[in-house]
Amino acid sequence: MKKILLLAALLVGPLQFALAQTENYPARPIRVIVPFPPGGSVDLIARLVAPRLGENLGQQIVIDNRSGASGIIGTEFVARAAPDGYTLLMNTVPLVANISLYSRVPYDVLNDFAPISLVSTSPSLLAVHPSLPVHSVRELLQLAKARPGMLNYAGAGVGTNPHITGELFNYLGKVNITVVQFKGGGPGLIAAISGEISVIFSNIAETAPYVKAKRLRALGVSSLQRSPAFPDIPPIADSLPGYEFLTWHGLLAPRATPRAIVALLNERLKKTMASAEQIQLFKERGLDIVTSTPEEFSAHLKSELTKWGRVIKERGMRAD
């Protein structure tokens with residue numbers, strides 16, 4: 001009987017400690033790891049969300065850019081972090097694409113994280129430097145076929161969104177526009193604006209200001225419908241049937257984060273994204289708010305693993 005009581009005490013002690021942590025959460029600033037450099041779409045989304053989410057949680061949210069290896073370095077950091085709700089991850093397609101691109105990835109997408117919620121989706125813009133003599137997707141395809149391997153586009157690292165969207169264009173268009181990898185979406189965008197790179201597939205929120213300033217010429221959107229932010233720009237699929245790419249962004253915590261903390265973060269994030277101010281901020285940038293339950297986000301990750309694993313295999317993309 002004494003042994004049973006001792007065992008019960010040992011079990012109840014950690015449980016009470018965990019419950020106390022949950023009841024007091026958050027008691028200090030929360031850090032959101034962005035596994036890419038400043039200036040890219042993940043960084044932008046995190047910085048759009050952080051101020052209002054911090055207000056709704058009653059604590060400051062600090063954005064911490066830990067880039068490298070197509071997002072793997074920062075993502076692994078979160079996978080190994082304490083599951084206390086104070087270290088979170090904002091990520092996108094490379095979270096799942098890296099599994100098929102690398103022979104070894106130091107995290108398990110489905111088992112090392114506690115999904116909190118999807119945040120948004122958005123199309124990419126196919127844009128070119130104004131010096132390139134093309135004004136439509138069809139003209140770009142014709143030029144690429146006439147000059148195989150001579151045109152280039154900016155990647156943000158192997159397996160990142162710009163890389164995948166570019167290779168999907170090559171695959172469906174039967175062309176060979178050469179990827180030049182940069183250390184993040186921001187540096188790639190700068191290279192396109194300067195004319196160092198002639199073509200870019202970049203998230204609409206990042207690219208919109210430079211298109212409006214006529215420093216880049218937009219040819220098409222990667223969604224099947226026109227974007228409200230650029231209603232005059234047609235879908236790439238109008239000229240290249242079957243082409244579709246939507247970037248998604250989601251918030252995750254380390255595995256074993258208490259359910260009560262995940263539920264609280266999910267509820268406050270949904271409240272944040274439902275505010276008129278936040279809706280306007282995202283709408284202005286061509287971003288669609290798509291919050292979800294943790295279970296829906298988990299199912300989405302499983303679907304994305306299968307989808308992009310197939311595309312990467314068919315295109316023969318490898319990072320090592």
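The paragraphs below set out a description of the structure included in this document. Because the structure is predicted, anything quoted here is derived from the model rather than measured. (Residues numbered from 1 in each chain as written. Predicted model: local features only at pLDDT ≥ 70, side-chain atom pairs only at ≥ 80, totals over all residues. Heavy atoms only, no water.)

1. Quick notes on the pairing of strand β9 (residues 246–254)
Among the 9 residues in β9, 8 count as buried, and that is most of the element. Where strand β3 (residues 87–91) meets β9, 3 bridges bridge the pair, whose relative direction is antiparallel. Pairing of L89 across the sheet is with L252, part of β9. Across 9 bridges, the pairing between strand β4 (residues 113–128) and β9 is antiparallel. Pairing of T121 across the sheet is with W248, part of β9. (Buried < 20%, exposed > 50% of the residue type's maximum accessible area, 1.4 Å probe, protein only. Helix = DSSP H or I, 4+ residues; strand = E, 2+ residues; numbered from the N terminus. Pairing = 2+ DSSP bridges.)

2. Concerning the pattern of salt bridges
The full count for this structure, using the stated rule, is 10 salt bridges. Its salt-bridge partner being R28, residue D84 comes within 3.4 Å of it at the nearest N-O pair. Note that D84 is positioned in the loop between α3 (72–79) and β3 and R28 in the loop between α1 (2–24) and β1 (30–34), a separation of 56 residues in sequence. A salt bridge links D112 to R80; the shortest N-O distance between them is 3.8 Å. One end of the pair, D112, is in the loop between α4 (94–101) and β4; the other, R80, is in the loop between α3 and β3, with 32 residues separating them in the sequence. (Salt bridge = Lys/Arg side-chain N within 4 Å of Asp/Glu carboxyl O.)

3. Comments concerning the environment of A81
Counting through the fold element by element, A81 comes out in the loop between α3 and β3. Along the sequence, A81 and A253 sit 172 residues apart, while their C-alpha atoms lie 8.9 Å from each other.

4. Focus on unusual backbone geometry
Only a minority of non-glycine residues have a phi that is not negative, and only a minority of peptide bonds are not trans. For the bond from Y25 to P26, the omega torsion is -5°, close enough to zero to count as cis. Position of P26 relative to the elements: it lies in the loop between α1 and β1. In this structure, A256 takes a positive phi of about 75° despite not being glycine. Tracing the backbone shows A256 in the loop between β9 and α9 (259–273).

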